[in-house]
Amino acid sequence: MNILKKLAGKLSFFWNRRSGNAFINYLRSSGVEVGDRCEVKAPLSIDIDVSRPSLLSIGNHVFFHRGLTIMTHDWASWVFIDKYNDFVPSHGKVVIGNNVWFGEHVTVLKGVSIGNNCIIGAGSIVTKSIPDNSVAVGVPCKVICTLDDYYMKRKRLYPQEVKEYLASLPNPVLKDFYDDYTLFVDKENIYNYKEIPFLNVFKDKEHLSLWLAHHHKTYNNFSEFLKSII
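These figures come from a predicted structure and were not determined experimentally.

Direction of pairing for strand β15 (residues 134-137) relative to strand β16 (residues 142-146): antiparallel, over a ladder of four bridges. Note that in β16 the partner of valine 135 across the bridge is cysteine 145. Linking β15 to β16, which pair antiparallel, is a turn of four residues; within it glycine 138 sits at a positive phi near 120°.

Printed below as a string of structure tokens:
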């Protein structure tokens with residue numbers, strides 16, 4: 001009976017993690033509040049505590065990266081049993097806001113909240129709450145700048161990064177720049193590049209349309225982009 005129970009548990013584990021959508025549905029069916037447009041990378045590597053589902057709330061547009069752990073309790077008082085012959089449970093609510101991106105191998109401990117529009121850097125351990133519009137990283141995780149500051153920094157550094165990437169390619173072709181089309185595509189010529197998977201980033205036509213409404217390309221086309229950087 002124990003062997004069958006363990007086998008059923010393993011089958012359930014893999015079934016609930018067969019895809020990102022399956023894992024989100026599993027969280028919801030377990031009683032966890034999960035918003036819309038959440039994405040899961042490598043669901044088999046993710047460990048989210050559903051022992052007390054009412055203590056976990058996840059907002060809209062949250063990215064669960066590889067190795068993410070979220071805990072609403074701990075069992076450190078296991079040590080109390082031998083030392084004090086006592087057991088004191090420990091648990092706390094975790095709230096994840098809207099539009100949050102987790103880097104790889106992040107751990108979120110009980111009793112914290114992460115605000116809206118936040119980036120949590122790879123390898124971080126979140127032991128205290130992170131306010132809205134923050135970029136935070138480290139062990140323990142601390143705010144290092146605002147989202148606005150980081151956005152402007154990325155805008156400044158990105159062109160040089162593209163040059164370095166281009167220089168590393170012996171024979172650059174369009175498919176090598178499936179993420180870098182922002183430099184040579186806007187609403188005037190987007191239909192000339194139907195092979196680029198625009199919706200991999202923007203996910204739906206509404207968000208793509210919003211981007212096109214304000215975005216202006218730096219180069220007129222892909223050929224000009226290559227000639228200007230080489």
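Picking up where we left off.
Backbone geometry follows two general trends: most residues other than glycine have a negative phi, and most peptide bonds adopt the trans configuration. Across the junction of valine 139 and proline 140, the peptide omega takes the value 0°, indicating a cis bond. With respect to the helices and strands, the residue proline 140 is situated in the loop between β15 and β16. The phi dihedral of asparagine 85 falls on the positive side, at around 55°, and the residue is not glycine. With respect to the element layout, asparagine 85 can be found in the loop between α3 (78-84) and β8 (90-91). Looking at asparagine 85, the relative accessible area reads 70%, which means it is exposed. Positive phi, close to 70°, is recorded for lysine 203, a residue that is not glycine. Note that lysine 203 resides in the loop between α5 (199-202) and α6 (205-214). On the accessibility criterion, lysine 203 (46% relative accessible area) is partly exposed.

Definitions and limits used
Residues numbered from 1 in each chain as written. Predicted model: local features only at pLDDT ≥ 70, side-chain atom pairs only at ≥ 80, totals over all residues. Heavy atoms only, no water. Pairing = 2+ DSSP bridges. Helix = DSSP H or I, 4+ residues; strand = E, 2+ residues; numbered from the N terminus. Buried < 20%, exposed > 50% of the residue type's maximum accessible area, 1.4 Å probe, protein only.

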